[in-house]
Amino acid sequence: MSATILIVEDTPANMKLAALLLHKAGYQVLQAPNAIQGIELARRHLPDLILMDMQLPIMDGLSATKILKADVLTAKIKIVALTAFAMKDDEQRMRDAGCDGYISKPISHQSFYQKIASMLAATPIQKGSTP
Ligand code: MN
């Protein structure tokens, strides 16, 4: 069975691209446009990995990550920050909040797939579907 990945992203173009790339690689994809819905979907579906945009309306990605990592139900879900800013300080803040890694936007297809695959190490990507 393929891995399930939840994308929490408020910018439609970014969501569309990330979802398309993950679908093409054979992953099951869940989508949430904000952190509140993201947390709800995470609790309900327990995805293998969450791609968490850092800049979100209502509640930012760091706060959402802290909530998920503080809850025994969702603590083990790997969270990869999606960020347009990746300065040294930001990386530390993301790690401190519980992020397991980060991907810089704009998304570069190859490094995107590599990052996802390495984060899911135990869950192989379906053969022949990676562009
Ligand atoms: Mn955003």
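Each remark here, short or long, concerns the structure printed above.
Let me sum up the structure you'll find in this document. Residue numbers here run from 1 along each chain, matching the order of that chain's written sequence. For a predicted model such as this one, the threshold for reporting local features is a pLDDT of at least 70, and the threshold for listing and counting side-chain atom pairs is 80 or more; totals across whole chains, interfaces and linings nevertheless cover every residue. Each side-chain value is derived from all of the structure's non-hydrogen atoms; neither hydrogens nor water enter the calculation.

Notes on helix H1 (residues 12–24)
- Note on conventions: DSSP H or I runs of at least 4 residues are helices, E runs of at least 2 residues are strands, and numbering of each starts at the N terminus. The span expected for a helix works out to 1.5 Å for each residue beyond the first. Between the first and last C-alpha of H1 there are 18 Å, a value that for 13 residues agrees with the 18 Å anticipated at 1.5 Å per step.
- Residues of H1 that are buried include every one of Met15, Ala18, Ala19, Leu21 and Leu22, and no others. Relative to the axis of H1, the buried residues are bounded by an arc of 165° and lie together on one face. Facing away from the buried surface of H1 by more than 90 degrees, the exposed residues are Pro12, Ala13, Lys16 and Leu20.
- Throughout, a residue-residue contact means that at least one pair of heavy atoms, one from each residue, lies within 4.5 Å. Residues of H1 that are buried in the fold lie against strand S1 (4–8), strand S2 (28–32), strand S3 (49–53) and helix H5 (109–119).
- In the segment just after H1, Gly26 is the residue with positive phi, at about 90°. Only protein chains enter the accessibility calculation, which uses a 1.4 Å probe; a residue is then buried when its area is under 20% of its type maximum, exposed when over 50%, and partly exposed in between. Taking the helix axis as origin, the arc is that swept by the directions to the C-beta atoms.

With respect to the coordination of the manganese ion
- Looking at the manganese ion, the protein donor atoms are Asp10 (OD), Asp53 (OD) and Gln55 (O), and they sit 2.0 to 2.1 Å from it.
- The donor set covers N, O and S atoms within 2.8 Å of the metal, switching to 3.2 Å for Na, K and Ca, and it leaves out water, so a site may look short of donors. Written as a sequence motif, the donor residues of the manganese ion are D-x42-D-x1-Q.
- Here Asp53 falls in the buried class, since its relative accessible area comes to 2%.

Structural notes on the pattern of salt bridges
- The rule for a salt bridge is simple: a side-chain nitrogen of Lys or Arg has to be within 4 Å of a carboxyl oxygen of Asp or Glu. The tally for this structure, following the rule as stated, stands at six salt bridges.
- In this structure, the salt-bridge partner of Arg43 is Asp71, at a minimum N-O distance of 3.4 Å. Highlighted residues: Arg43 in helix H2 (residues 35–45) and Asp71 in the loop between helix H3 (61–70) and strand S4 (78–83), separated in sequence by 28 residues.
- Arg43 sits in the partly exposed class, given a relative accessible area of 38%.
- Notably, a salt bridge pairs Asp100 with Lys69, separated by 3.0 Å at the nearest N-O pair.

Focus: the packing of aromatic side chains
- Between 30 and 60 degrees the pair is tilted, below 30 it is stacked and above 60 it is edge-to-face, where a pair is any two Phe, Tyr or Trp rings, Trp via its six-membered ring, whose centres lie within 6.5 Å. A complete count under the given rule lists one aromatic pair for this structure.
- Seen from their ring centres, Phe112 and Tyr113 are 6.1 Å apart, and the 65° between their planes marks the pair as edge-to-face.
- Overall, Phe112 belongs to the buried group, its relative accessible area being 1%.

Let's talk about the sheet that holds S2
- For two strands to be treated as a pair, DSSP must find no fewer than two bridges joining them. A sheet is described by the order of its strands in space; here five strands give the open sequence S2-S1-S3-S4-S5, paired in parallel fashion. Of all strands in the sheet, those with a lone pairing partner are S2 and strand S5 (101–104), marking the two edges. This sheet shows a mean twist of 20° between the axes of neighbouring strands, independent of strand direction.
- Each axis is a line fitted through C-alpha atoms, taken for helices only over the stretch in contact, and angles between the N-to-C directions span 0 to 180 degrees. Packed onto the sheet, H1 meets S1, S2 and S3 and runs at close to 165° relative to S2.
- Running at roughly 150° to S3, H3 makes contact with S3 and S4 of the sheet.

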